[in-house]
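# Observations on the model geometry
One-letter residues, chain by chain:
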Amino acid sequence: MVETKVYTSFLKPDNYQRESIVDFLHTHLEEYGDERQDIDKAVAYALKERASLGGFIIKAKKADEIVGVVVVNRTGMEGYIPENILVYIASHKRCRGQGVGKQLMQEAIELSQGDIALHVEPDNPAKFLYEKLGFENKYFEMRFKK
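Report follows, based on the coordinates. Just so it is clear, the model here is predicted, and its values are computed rather than measured. (Residues numbered from 1 in each chain as written. Predicted model: local features only at pLDDT ≥ 70, side-chain atom pairs only at ≥ 80, totals over all residues. Heavy atoms only, no water.)

## Description of the pairing of strand 3 (residues 65–74)
Of all the 10 residues making up strand 3, eight are buried; the element is thus mostly covered by neighbouring parts of the structure. Note that strand 2 (residues 55–62) and strand 3 share eight bridges and pair antiparallel. Paired with Lys-59 across the two strands is Val-69, which belongs to strand 3. From the end of strand 2 to the start of strand 3, which pair antiparallel, there are two residues, and Ala-63 there has a positive phi angle of about 55 degrees. Looking at chain direction, strand 3 and strand 4 (residues 84–91) are connected through seven bridges and run antiparallel. Directly across from Val-70, in strand 4, lies its bridge partner Ile-89. (Buried < 20%, exposed > 50% of the residue type's maximum accessible area, 1.4 Å probe, protein only. Helix = DSSP H or I, 4+ residues; strand = E, 2+ residues; numbered from the N terminus. Pairing = 2+ DSSP bridges.)

Next up, the structure:
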């Protein structure tokens, strides 16, 4: 049985829990992940540890082991850009295909106030789950790096 716990700016994880969330994401995002310090920034944003609109984190555990994490940040752009961005979602590789990602996505959809955007690489197998849950490919993303 997978149990979930939600963290927000009002229900913060302790330092050990927070670090375990960042470590889990850094390890299990694999080739679709970011540098640890960038993951830490998204977690800090969700928990309002820095100036932000906040968001939430959902951690899934099975037998005292983290098996999945999702991080959602609020954008504050209601009406013209989705109000939320799903920044990170990862499930433990031993648990993939067992519904952990789907459960996290469904809980994130329920908790979010407003629309949700996410970025996914075209070759990421999770893309099919997002489509099954109703996410649509609306735009082609382009970025300019300075």
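The rest of the description comes next.
## Considering the environment of Ile-66
As for its position among the elements, Ile-66 is in strand 3. Sequence spacing of Ile-66 and Glu-3 is 63 residues, and the spatial spacing of their C-alpha atoms is 9.6 Å. Setting aside anything within four residues of it in sequence, one finds Ile-66 in contact with Ser-20, Ile-21, Phe-24, Lys-59, Ala-60, Lys-61 and His-92. (Contact = heavy atoms within 4.5 Å.)

## Quick word on helix 3 (residues 100–111)
Counted at 1.5 Å a residue, the expected span for helix 3 with its 12 residues is 16 Å, and the 16 Å between its end C-alpha atoms agrees. Where helix 3 is concerned, the buried positions are Val-100, Gly-101, Leu-104, Met-105, Glu-107 and Ala-108. Seen along its axis, helix 3 keeps its buried residues to an arc of 165 degrees; they face one direction. Looking at the packing, one finds that the buried side of helix 3 touches strand 1 (3–7), strand 2, strand 3, strand 4, strand 5 (116–118) and helix 4 (126–132). (Expected span 1.5 Å × (residues − 1). Arc of directions from axis to C-beta.)

## Looking at the side chain of Thr-8
With respect to the helices and strands, Thr-8 occurs in the loop between strand 1 and helix 1 (15–28). A relative accessible area of 18% places Thr-8 in the buried class. Thr-8 has contacts with Leu-47, Gly-55 and Phe-56, leaving out every residue within four places of it along the chain.

## Focus: the sheet that holds strand 1
Reading across from one edge, 1-2-3-4-5 is the order of the five strands in this open sheet, with mixed pairing throughout. Only two strands of the sheet have a single partner each, and these edge strands are strand 1 and strand 5. Averaged over neighbouring strand pairs, the angle between their axes works out to 25 degrees when direction is ignored. Here helix 1 sits on the sheet in contact with strand 1, strand 2, strand 3 and strand 4, set at roughly 95 degrees to strand 3. Together, strand 1, strand 2, strand 3, strand 4 and strand 5 form the strand contacts of helix 3, whose direction differs from that of strand 2 by roughly 150 degrees. (Axes fitted to C-alpha atoms, helices over the stretch in contact; angles between N-to-C directions.)

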